[in-house]
Amino acid sequence: MSPIALRTCEPKRERHDIDVKKHFSSSSSIIAAAAGRDARHSHSTTSNKFDWTTMTTKAEDNSKASDEERLERLTKEAEERNAKKQAAARTICTIDIKPSDVIPDEDLVALWKKITASVTQDGLVWGEKCALEPVAFGIKKIVTSFTMGTDNSSEEVIEAIEAMEDDVQSADITSMNVI
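Every value quoted in this text rests on a predicted model; they were computed, and no experiment measured them.

Draft legend 1. The arrangement of the pairing of strand 5 (residues 131-136) in detail. Examined bridge by bridge, strand 5 and strand 6 (residues 139-149) share five bridges and lie antiparallel to one another. Note that in strand 6 the partner of Leu132 across the bridge is Ile142. Counting the residues between successive antiparallel strands, the hairpin from strand 5 to strand 6 contains two residues, one of them, Phe137, with a positive phi of roughly 55 degrees.

Draft legend 2. Inspection of helix 4 (residues 105-118) at higher detail. The first and last C-alpha atoms of helix 4 sit 20 Å apart over 14 residues, in line with the 20 Å expected at 1.5 Å per residue. Listed in full, the buried residues belonging to helix 4 are Leu108, Leu111, Trp112, Ile115 and Thr116. Down the axis of helix 4, the smallest arc covering the buried residues is 130 degrees, so these residues share one side. More than 90 degrees from the buried face of helix 4, the exposed residues found are Glu106, Lys113 and Ala117.

Draft legend 3. Highlighting the confidence of the model for the protein chain. Looking at the protein chain as a whole, its pLDDT mean stands at 76, while 62% of the residues score no less than 70. Every residue in residues 38-45 scores below 50 in pLDDT, and together they form six contacts with partners more than four places removed in sequence or on other chains.

Draft legend 4. Looking closely at the environment of Lys114. Structurally, Lys114 is set in helix 4. Classification of Lys114 by relative accessible area gives partly exposed; the value is 43%. Apart from residues no more than four positions distant in its own chain, Lys114 is found in contact with Met164 and Asp167.

Draft legend 5. Here's a closer look at the side chain of Thr144. Checked against the element boundaries, Thr144 lands in strand 6. On the accessibility criterion, Thr144 (3% relative accessible area) is buried. There is a polar contact of 3.1 Å between the side chain of Thr144 and the side chain of Trp112. Not counting chain neighbours up to four residues away, the residues in contact with Thr144 comprise Cys93, Thr94, Ile95, Ile97, Trp112, Trp126, Lys129 and Cys130.

Draft legend 6. Layout of the pattern of salt bridges. Overall, the coordinates contain five salt bridges when judged by the stated rule. The shortest N-O distance in the salt bridge between Asp172 and Lys98 comes to 2.9 Å. Of this pair, Asp172 sits in strand 7 (residues 168-178) while Lys98 sits in strand 3 (residues 90-99), placing them 74 residues apart in sequence. Asp172 sits in the partly exposed class, given a relative accessible area of 35%.

Criteria and cut-off values
Residues numbered from 1 in each chain as written. Predicted model: local features only at pLDDT ≥ 70, side-chain atom pairs only at ≥ 80, totals over all residues. Heavy atoms only, no water. Pairing = 2+ DSSP bridges. Helix = DSSP H or I, 4+ residues; strand = E, 2+ residues; numbered from the N terminus. Expected span 1.5 Å × (residues − 1). Buried < 20%, exposed > 50% of the residue type's maximum accessible area, 1.4 Å probe, protein only. Arc of directions from axis to C-beta. pLDDT = per-residue confidence, 0-100. Contact = heavy atoms within 4.5 Å. Polar contact = N/O pair within 3.5 Å; in protein donor to acceptor, adjacent residues only side chain to side chain. Salt bridge = Lys/Arg side-chain N within 4 Å of Asp/Glu carboxyl O.

What follows is the structure in structure tokens.
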């Protein structure tokens with residue numbers, strides 16, 4: 001077996017000598033090049049000059065102002081989106097209304113119309129029809145639904161219905177779904 005010779009690979013480093021007089025025509029351009037800037041822009045802009053009193057540049061001041069404006073704009077847009085979501089958020093409730101006595105079907109429908117006409121709130125929309133379901137011994141209950149906004153309270157609706165003590169024994173929420 002022959003021994004394998006290992007070589008270390010070092011990158012070639014080439015040195016490029018620059019003719020300073022050839023590339024730079026004035027001393028200010030040499031200083032600008034040494035500072036890492038192009039000679040054409042060393043005297044042209046005054047917006048990035050350093051302000052020794054506040055220890056910031058004018059460009060930084062402008063960026064801080066634009067950041068504040070951007071933050072205000074984004075906050076405003078977020079509030080508008082939340083307002084739209086809340087306006088669109090609705091809750092559908094299904095309720096059972098039990099009458100206080102045995103009432104014929106026609107009178108139950110009249111009671112339902114009376115309830116939907118008397119119980120009103122902003123954002124409260126009653127369902128278009130009701131169902132009459134038997135409970136026991138010939139007593140039927142009214143099953144209906146209503147839609148309300150996020151500002152409404154279903155408890156207030158139930159209390160308003162139960163306030164009709166002559167006609168209504170109780171009212172219960174059977175389901176509540178947020179749309």
